[in-house]
Amino acid sequence: MPAQLARKERLRRQILGQEVDRIPSLGGWIGGVRNLAQLAGLSTDQYLADPLAGVIRANLNLGVDGLIQPVIPRELEQVRTGYVLESRFAQVEPEDLVKKADSLPDSEAEILKTFDAAAEEKRYRDFFEGAVRAWEGIVPIPNFWEIGGHFPLYTEFGYVAFLSACALYPEAVGKLWWAKSVHSRKRAEILVQLYRDYDLVPLMFCGEDLCNNQGPMVDPGMLRQYYLPTVQMIIAPLVEAGVRLIHHCDGDVRPLVEDFLGLGFSGLQGFQFEVGVDPYAFKGLRSPKGEELLYFASLSVSRTLPFGTAEEVCEEVDYFLDFTDGGRGMFLFTSNVTGVEVPPENLMAAYRHLQAWDPARPRTPTRRAWPWRVHHPE
């Protein structure tokens, strides 16, 4: 058993499958000013006076090792961030995506004329240097969404026009994805150098939502022809440099998990067990390099965390320990941003329970059902 490890060393050793003093945990995706203030031991007024400092204090109190780029609620009644209002796109038609695609150059060289490498490098450096200054020793685990692909054109055109264009004009949509990805591959090349410059933990979290609770939002065949190759183009420099990429897995991702791994991803996050996703089905899978998968083992933000007892939350942590054979490749996290309805006590219970568990203690792997479904059959 190693002596108590520093956060960065604990994360590095876990990535490599080496012995750790405790299973590492991650933070950053907690919603609600009141919840964060309570976790931080602050009044809401104190939190609102410096929201970033409040978020950091909350995660320090949880005892996390790494921090995904944090959600930072800045208004007392703020419920969520990052939503798309379809009403804003009422006048947009699928043909607008075709017009946009036709306006773009056909060569990488022409596309890259609009890429500002210096500005992109500064943006990334500002993030890493800001984390060093403000995060009080918590290790940054980047989740630069532009590195995981550019699927959600619905933020630009709305859901109806975008999804209709995927069915009617897949080649045009593919060109839009490709053009954005040419820039993001250059961003990935910049990040490879910054991982070296800042001696970062070789871990990144990315990958856009491709699925809802019924499965892929777009025909998987269309994704494999037009979208997934653009993701592989982006991430190849990071994969080749040894950065482990974790794919976000909202919705029923079962039809696409092996596609994610085939692109070069070597870990998964965000399982929605309530739609039938069973992590045990992934145990034999490997990355293209033959790596065992890493798991940001994800506390349920739709069932257990908001509606379960502290005991049920701890049992969910034990479930993750079971399917990872005692925590092998496991990093405790949440399946998505926790809502304002999640009792802070449940989050604290989960993190404390994991931190109290000795990874050297023998644990007999047991395949079992997701505990919430056992206790609350729907």
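Residues numbered from 1 in each chain as written. Predicted model: local features only at pLDDT ≥ 70, side-chain atom pairs only at ≥ 80, totals over all residues. Heavy atoms only, no water.

Peer 1: Quick one: what's the story with the overall build of the protein chain, residue by residue and with numbers?
Peer 2: Counting its secondary structure elements, the protein chain contains 16 helices and 10 strands. Considering only C-alpha atoms, the protein chain reaches an extent of 60 × 45 × 45 Å along its principal axes. The proportion of buried residues among the 378 residues of the protein chain is 56%. Put simply, the protein chain shows about 16,100 Å² of open surface, and 51% of that area lies on carbon and sulfur atoms. (Helix = DSSP H or I, 4+ residues; strand = E, 2+ residues; numbered from the N terminus. Buried < 20%, exposed > 50% of the residue type's maximum accessible area, 1.4 Å probe, protein only. Areas by Shrake-Rupley, 256 points an atom, 1.4 Å probe, with all protein chains shown as cover.)

Peer 1: Which residues make up unusual backbone geometry, and what are the values?
Peer 2: Of note, the phi angle at E136 is positive, near 55 degrees, even though the residue is not glycine. Along the chain, E136 turns up in the loop between α7 (117–134) and β3 (139–141).

Peer 1: Provide a residue-level description of the sheet that holds strand β7 (residues 244–248), including the pertinent values.
Peer 2: Here five strands make up an open sheet; going across it, the order is β4-β7-β8-β9-β10 and the pairing parallel. Each edge of the sheet is formed by a strand with only one pairing partner; in this case those strands are β4 (203–206) and β10 (330–334). With direction set aside, neighbouring strand axes in the sheet form an average angle of 25 degrees. Here β4 pairs with β7 via four bridges, running parallel. In the strand pairing of β7, L203 is matched with R244. Here helix α15 (residues 344–355) sits on the sheet and contacts β9 (294–299) and β10; the angle it forms with β10, its principal contact strand, is near 175 degrees. (Pairing = 2+ DSSP bridges. Axes fitted to C-alpha atoms, helices over the stretch in contact; angles between N-to-C directions. Contact = heavy atoms within 4.5 Å.)

Peer 1: If you had to explain the packing of aromatic side chains to someone new, which residues and values would you point to?
Peer 2: On inspection of all chains with the given rule, the structure shows 33 aromatic pairs. Consider the rings of F271 and F282, whose centres lie 5.6 Å apart with planes at 40 degrees: the pair is tilted. With F271 in the loop between β8 (267–269) and β9 and F282 in the loop between β8 and β9, this pair connects stretches of sequence that are 11 residues apart. Judged on exposure class, the residue F271 and its partner F282 are both buried. An aromatic cluster is present here, built from F271, F273, Y280, F282, Y295, Y319, F320, F323 and W370 joined pairwise through their rings. (Phe/Tyr/Trp six-rings, centres within 6.5 Å; stacked < 30°, edge-to-face > 60°.)

Peer 1: Lay out the packing of helix α9 (residues 159–168) against helix α10 (residues 170–197) in plain terms, naming residues and giving numbers.
Peer 2: Put simply, α9 and α10 touch, their axes get as near as 6 Å, and they point 115 degrees apart. Residues F162, A165, C166, A167 and L168 of α9 pack against P170, V173 and W177 of α10. Here the residues of the contact of α9 with α10 sort into eight nonpolar, no polar and no charged. (Nonpolar A, V, L, I, M, F, W, Y, C, P; charged D, E, K, R; others polar.)

Peer 1: Can you lay out the nonpolar core for me, pointing to particular residues and giving the numbers?
Peer 2: One finds I147, W177 and M204 to be the most contacted residues of the largest nonpolar core, which totals 102 residues. When residues in this core are grouped by element, the largest group, 10 residues, is from α10. Leave out the neighbours within four places in its chain, and W177 touches H150, F151, L153, F162, C166, M222, L223, Y226, Y227 and T230. Counting residues in each nonpolar core, the second largest holds 16 residues, with I15, L26, V201 and L294 among its members. (Core = buried A, V, L, I, M, F, W, Y, C linked by side-chain atoms within 4.5 Å.)

Peer 1: Outline the pattern of salt bridges, listing residues and values.
Peer 2: The final tally for this structure, using the stated rule, is 27 salt bridges. Among the salt bridges present, the one from R123 reaches E120, with a minimum N-O distance of 2.7 Å. Taken as a pair, R123 and E120 lie in helix α7 at a separation of three residues, close to a single helical turn. Given a relative accessible area of 36%, R123 falls into the partly exposed group. Of the charged contacts, one joins R368 and E315 as a salt bridge, the two residues approaching to 3.6 Å between their closest N and O atoms. Of this pair, R368 sits in the loop between α15 and α16 (371–375) while E315 sits in helix α14 (residues 310–323), placing them 53 residues apart in sequence. On the basis of relative accessibility, which here comes to 26%, the residue R368 falls in the partly exposed class. (Salt bridge = Lys/Arg side-chain N within 4 Å of Asp/Glu carboxyl O.)

Peer 1: Just give me the short version of the sheet that holds strand β2 (residues 66–68), but keep the residues and values in it.
Peer 2: Strands sit in the order β1-β2-β3 across an open sheet of three strands; the sheet is parallel. Single-partner strands in this sheet number two, and they are β1 (26–27) and β3. Pairing geometry for β2 and β3, over three bridges, is parallel. Residue pairing for β3: L67 is matched across the bridge by P140.

Peer 1: Any details on α10? Residues and values, ideally.
Peer 2: If you check α10, its first and last C-alpha atoms are 40 Å apart, about what 28 residues at 1.5 Å a residue would give, namely 40 Å. Maximal helix bending in α10 amounts to about 25 degrees, located at V182. Within two residues after α10, D199 carries a phi angle of roughly 50 degrees, on the positive side. (Expected span 1.5 Å × (residues − 1). Bend = angle between axes of the 7 residues up to and from the residue.)

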